Amino acid sequence: MEDFKKIEEKWQDFWKKNPSMYHAEDNSDIDFEIPNNLKFILVDAHKCLIDFDKWKLNDKLYEYLNNLSVPKIVVTNTSKIDEVKKLLTGDKWEVFSLKDNPNKYDSKYFELLKEKYAFKVDEVAYIDHDDKNLESAKKIGIEKLFKYEFKNKKYILVEFPYPSGTGLHIGHAFSFTGGDVYARFKRMQGFNVMFPMGWDAFGLPTENYAIKMKRKPQEVTKENTDMFRSQMKKLAFSFDWKREVNTTDPTYYKWTQWIFIQLFNKGLAYKKEMPINWCPSCKIGLANEEVVDGKCERCGAEVSRRNISQWVVKITDYADKLIDGLEETNFIEKVKQAQINWIGKSEGAKVKFLISNDKFLNKKEYLEVFTTRPDTLFGATFMVIAPEHPIVSDLIRNPPVDKSTSSLEKGGNISPLHQGEMSKGQRGFEIEDYVKSARGKSELERTELSKNKTGVFSGLYAINPVNNKEIPIWISDFVLASYGTGAIMSVPAHDERDFEFAKKFGLEIIPVIQPKEKHDFEKEAYTDVDNGEIINSPPINGMVPAEAFEKMIKWLEEKKIGEATASYHLRDWIFSRQHYWGEPIPMVDCPKCGWVPEKEENLPIVLPEVEAYEPTDDGLSPLSRIESFTKCQCPKCGGDAKRETDTMPNWAGSDWYFLRYMDPHNDAVIASQELMKYWGPVDVYIGGDEHNVLHLLYSRFIYKFLWDLGVVPKDQVEPYYKRISHGVILGPDNQRMSKSKGNVIVPEDVSEKYGVDVVRMYLMFMGPFDSTMAWNENTLMGVKRFLDRFEKYINLNTGNDIASSKETKVIINKLIKGVTDDLESFKYNTAIAKMMEALNKISNDECLISNEDMKTLIKLLAPFAPYITEELYSLFDKQSIHIADWPVADEKYLVDDEIKIMISINGKVRGELIVASTEQDNKDMLIQKAKELEKIKTWIGDKKIVKEIYIPGRMINFVILLEQ
RNA sequence: GCCGCUGUGGUGAAAUUGGUAUACACGCAAGACUUAAAAUCUUGUGCUCUCAAAAAGCGUGUGGGUUCGACCCCCGCCAGCGGCACCA
């Protein structure tokens, strides 16, 4: 049977000719003019002036009417008049509500209105979305009638793909089908659906491929996106191609660059020497994503670090906002948690320790640390600073002379305190050696060797402010320069790492928390914050740690030695990439003015088309070799200057793409306020788990930044209302699909073999949308069988239009409700199961079915199987099924005439009772009936019934005393 | 180590959120059609006991608890998956 191919071709052709089917219409313009000399303007509330689902005004119509001096009367049936009034400002508005009959489609309504406000029919205009209402207004003689409908929007977004050379993979097909089903469902429900698609096309694979094939990345991208687009069309994704965006399009990245300039202007982008991952074999800087297990993703060489001056974006300024904003979203807990963890806020204190070596310093100098445990300050017996700490370079140049010996030679055996003289030079070399070796270590080594602590004594001492004890300052690479202040106070008794370090180098361990149970402080640190009592800390002894924490912070703040503060796991965002295929960073380095942003009117800074894209040996971007690009004038002083040659990371273009879909062709602004107000926020954002942290966080950050600038609407604090993360499709062998394993399923191949509808539907039927599942062709055949049977059933029953039996009505209406509810909550697998069940029932029982009910069946299937349903629907209707109305269940068929009540004894089901549903509240009668059942009688026998429980409409439970 | 998730038939999985556990589908078995196979259709299918049926008992990783009643709620353990990880 190759029928499906013909059907697919036929309807693909049809959809191609009717692209507007899937176009999202912007909130419709007001194309009428209402005279300003009337007595009143009557305006309908529902679906016209007010969106009652969200309790929001239709700004467009509201503004238009506000500009007219005529008094306005809002006519509505709602009982919440006060809430409607709250939405309307100014004295030109009144609300008229009749919550009981007559309704607006009865002209009596307008008679009453006319009476109340004493107007003549030619003194008013009436605006409504509904023809019936307009007609009844006309009946009483109103002539100035205007139709205006406010359609509720649904912005359904799927993550746009990176158009790789291998084409659409099964993960894309899965994700996009999930979005497409929802989009089609909502479109049929009458929503103004925006379901856009675009390309996140900058990136290394294309660059590498272009280098290898000696071609232009621009051309390669064009080919790949063309291929992706045609594959998507085959799979019948109902994207609005009118809104297609491409991150590599200069008219698009103009705005990516514009955002960067705003970041710079607000002081959120700065240049900094930062270590980057350097592959010594490829001679290239690598992004973190390209480093796998400390090795270069491509060549496998061990990655080292190199300092390069980079653009860094201060995302950390938004850390708290990014945590707090999550409250406004409807993300699943898992995603919220992941983001919170990534930001990693910890509350604690900054504390200043005075450095006591007056030989080293001739002025007072403090070492500041961050600690989450100020309650353990009395147990701080030494300090440790990172090798990259700014003080270290001073130490190498001018090492302090003191009484201790070398710590490297003697290892952990000797306390460094007061151990005799050491020459100035020796100490300097020792520190220098250690710092060098730490810096030379790869990230991998530095973390892998974590159990084995290394370090060197700095020769410095500090004064612990709580007890004025002199404690040594060490240098060790287990302290990270990038977290907190790059220096810590060490409390070896209560921190594992400090403990290991103290053990290795023979440093003092003073317990300051007494555990409730026996604890050997020579063996391990005691780290439980919640249990124990403070000791050895005179002013706070006897307190619990939490109380001591508060006390110490107060004390520190009073004495001005420290203050409460928070530290974040989140780091500032390294924004420079030394690659060709990315957005050029629109900055200019002027010898006179320093870093100056390009003038906004000169944007975009277009990526020059060049012959060679290979990275340079020195780790600079390939663009640095193109003199015509680098040479420029300073936008500020006009003098000769040099253009930045780094490009932006992949995230830059994907951070804000959802905004561009709302207004893709605007070249004056990123997107117009008006359109963002209408379309935003994204109602549902579907994407992979792998983007739940970084992409979502970066994107939310940029959005919040734009919000602060006033670029995006004020009342939309978060960009995405809901996030759905889909699962992963594994190969038939239950392994992640990969070329090397040979278990890759290509959507194009399988849909060629079984048909697009079968593949789409199977993907949705496999299991819950968010779970990980293995591809299984057997189960796919089950779906195919269903679709064949479905098709056969409809074809067999068309012809004479007969009335449906009651049984059919009940099945169909329950199905409508079930499928609608399931689609609403993305339970695609059970929605399909319900359709299978319904078809089995009506076809096995040979239920009588009307054409109308068959149409309903086809409609329910339409979001999943767009081709077959379009074909079957054409037997009944000329209109495309995909813009037909979604069926609504008739309540009267949803309640059963008869209900089954389970009878249980001591919680075990022993029988059942079938009664008319009208009797379900008659508890006494039902219990009596249950007792009379033969089976129940024998079970109860002469035992005593202790309790009788009735769950209305469900079950009866008798609790009886069992004999011993 | 930390955070999150998951555990139900031979398999993918359902269960109105505390009220008939295993819907739907796959697989398997038997049968029909066929010279035969594929396809299709029909019937059966959690386990134990039984030739079979009835009846009964046992069953949602595991041990407890709460409840008339627990896959669902609470406490403890076990196993697996994903992410992060020297973050002071």
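What counts and what doesn't
- Residues numbered from 1 in each chain as written.
- Chains lettered and ligands numbered in written order.
- Predicted model: local features only at pLDDT ≥ 70, side-chain atom pairs only at ≥ 80, totals over all residues.
- Heavy atoms only, no water.
- Helix = DSSP H or I, 4+ residues; strand = E, 2+ residues; numbered from the N terminus.
- Buried < 20%, exposed > 50% of the residue type's maximum accessible area, 1.4 Å probe, protein only.
- Areas by Shrake-Rupley, 256 points an atom, 1.4 Å probe, with all protein chains shown as cover.
- Lys, Arg positive; Asp, Glu negative; His and termini not counted.
- Charge placed at Lys NZ, Arg CZ, Asp CG, Glu CD.
- Near = heavy atom within 4 Å.
- Polar contact = N/O pair within 3.5 Å; in protein donor to acceptor, adjacent residues only side chain to side chain.
- Nonpolar A, V, L, I, M, F, W, Y, C, P; charged D, E, K, R; others polar.
- 1 Å grid on protein atoms, 1.4 Å probe; cavity = no way out; pocket = protein on both sides within 12 Å on 5 of 7 lines; lining within 4 Å.
- Points joined across faces, edges and corners; volume = space filled by probe spheres on them.
- Salt bridge = Lys/Arg side-chain N within 4 Å of Asp/Glu carboxyl O.
- Pairing = 2+ DSSP bridges.
- Axes fitted to C-alpha atoms, helices over the stretch in contact; angles between N-to-C directions.
- Contact = heavy atoms within 4.5 Å.
- Parallel < 35°, antiparallel > 145°, perpendicular 65-115°, else oblique.
- Left-handed = near helix turned anticlockwise from the far one by under 90°.

### Some words on the overall build of chain A
Here's step 1: A tally of helices and strands in chain A yields 31 helices and 38 strands.
Here's step 2: With the C-alpha coordinates of chain A rotated into their principal frame, the extents come out at 110 × 95 × 70 Å.
Here's step 3: Looking at chain A residue by residue over its 964 residues, the buried ones come to 52%.
Here's step 4: Counting only carbon and sulfur atoms, one obtains 49% of the accessible surface of chain A, whose full area is about 45100 Å².
Here's step 5: Both charge centroids of chain A, one from 132 positive and one from 150 negative side chains, sit 1 Å from each other.

### Considering the protein's contact with RNA strand B
Here's step 1: Taken together, 51 residues are adjacent to RNA strand B, and Asn341, Thr372, Arg497, Arg571 and Asn957 come closest.
Here's step 2: The sugar-phosphate share of atoms of RNA strand B within 4 Å of the protein amounts to 58%.
Here's step 3: Contacts to RNA strand B include Lys453, whose side-chain N or O atom sits 2.7 Å from a base oxygen.
Here's step 4: The separation between a phosphate oxygen of RNA strand B and a polar side-chain atom of Arg785 is 2.6 Å.
Here's step 5: A total of 6 residues in the surface near RNA strand B trace back to one element, the largest contributor, which is helix α27 (residues 828-844).
Here's step 6: Grouping the constituent residues of the surface near RNA strand B by class yields 20 nonpolar, 16 polar and 15 charged.

### Side note on empty space enclosed by the protein
Here's step 1: Within this structure, the stated rule accounts for 4 cavities of 30 Å³ or more.
Here's step 2: Along the walls of the second largest cavity sit Thr256, Ile259, Phe260, Leu263, Phe575, Met648, Ala652, Asp655, Trp656 and Ile702, which together make up its complete lining.
Here's step 3: By residue number, the principal contributor to the lining of the second largest cavity is helix α9 (residues 250-265), which donates 4 residues.

### Examining the pattern of salt bridges
Here's step 1: For the coordinates displayed, the defined rule picks out 43 salt bridges.
Here's step 2: Measuring nitrogen to oxygen at the nearest pair gives 2.8 Å for the salt bridge that ties Glu159 to Arg723. Of the two residues, Glu159 sits in the loop between β8 (153-158) and α6 (170-188) while Arg723 sits in strand β32 (residues 723-726), which places them 564 residues apart along the sequence. The same class applies to Glu159 and to Arg723, which are both buried.
Here's step 3: Here Arg229 ties to Glu244 by a salt bridge, and the two come within 2.7 Å at their closest N and O atoms. Of this pair, Arg229 sits in helix α8 (residues 217-234) while Glu244 sits in the loop between α8 and β11 (245-246); the two residues are 15 residues apart in sequence, bridging distant segments of the chain.
Here's step 4: The exposure class assigned to Arg229 is buried, which follows from its relative accessible area of 19%.

### Side note on the sheet that holds strand β28 (residues 594-597)
Here's step 1: Spatially, 4 strands are ordered β28-β27-β30-β29 in an open sheet, and the strand pairing comes out antiparallel. A strand with exactly one partner marks an edge of an open sheet, and here the two such strands are β28 and β29 (631-633). Ignoring strand direction, the axes of neighbouring strands in this sheet form an average angle of 45°.
Here's step 2: Sheet topology note: the β29/strand β30 (residues 640-643) ladder contains 3 bridges and is antiparallel. By the bridge assignment for β30, Cys632 is matched with Ala641.
Here's step 3: Packing against the sheet, α9 makes contact with β27 (587-590) and β28, and its axis sits at approximately 130° to β28.

### Focus on unusual backbone geometry
Here's step 1: Cis geometry marks the peptide bond from Leu603 to Pro604, where omega comes out at -5°.
Here's step 2: Along the chain, Pro604 falls in the loop between β28 and α18 (627-630).
Here's step 3: Here the bond from Gly680 into Pro681 is cis, since omega is -15°, no more than 30 degrees from zero.
Here's step 4: Tracing the sequence through the fold places Pro681 in the loop between α21 (673-679) and β31 (684-688).
Here's step 5: Backbone geometry places Lys47, a non-glycine residue, at a positive phi of 60°.
Here's step 6: Here Lys47 lies in the loop between β1 (40-44) and β2 (50-51).
Here's step 7: Residues other than glycine seldom take positive phi values, yet Asn734 does so here, at roughly 70°.

### Some details on the packing of helix α24 (residues 756-765) against helix α25 (residues 777-797)
Here's step 1: For the pair α24 and α25, the least separation of the axes is 9 Å and the interaxial angle reads 120°. By the angle class used here, α24 and α25 are oblique. Of the two possible hands of crossing, α24 and α25 adopt the one that is right-handed. From α24, Asp757, Val758, Met761, Tyr762 and Phe765 reach across to α25, where they touch Thr779, Leu780, Val783, Lys784, Phe786 and Leu787.
Here's step 2: When the residues that make up the contact of α24 with α25 are grouped by side-chain class, the tally is 8 nonpolar, 1 polar and 2 charged.

### Topic: the environment of Thr798
Here's step 1: With respect to the element layout, Thr798 can be found in the loop between α25 and α26 (806-824).
Here's step 2: According to the relative accessible area criterion, Thr798 is partly exposed, its value standing at 25%.
Here's step 3: Once the C-alpha coordinates of Thr798 and Leu872 are considered, the two residues, 74 residues apart in sequence, prove to be 9.9 Å apart.
Here's step 4: Thr798 has contacts with Met854, Leu875 and Phe876, leaving out every residue within four places of it along the chain.
Here's step 5: Polar contacts involving the side chain of Thr798 include one to the main-chain carbonyl oxygen of Asn795, which spans 3.1 Å.

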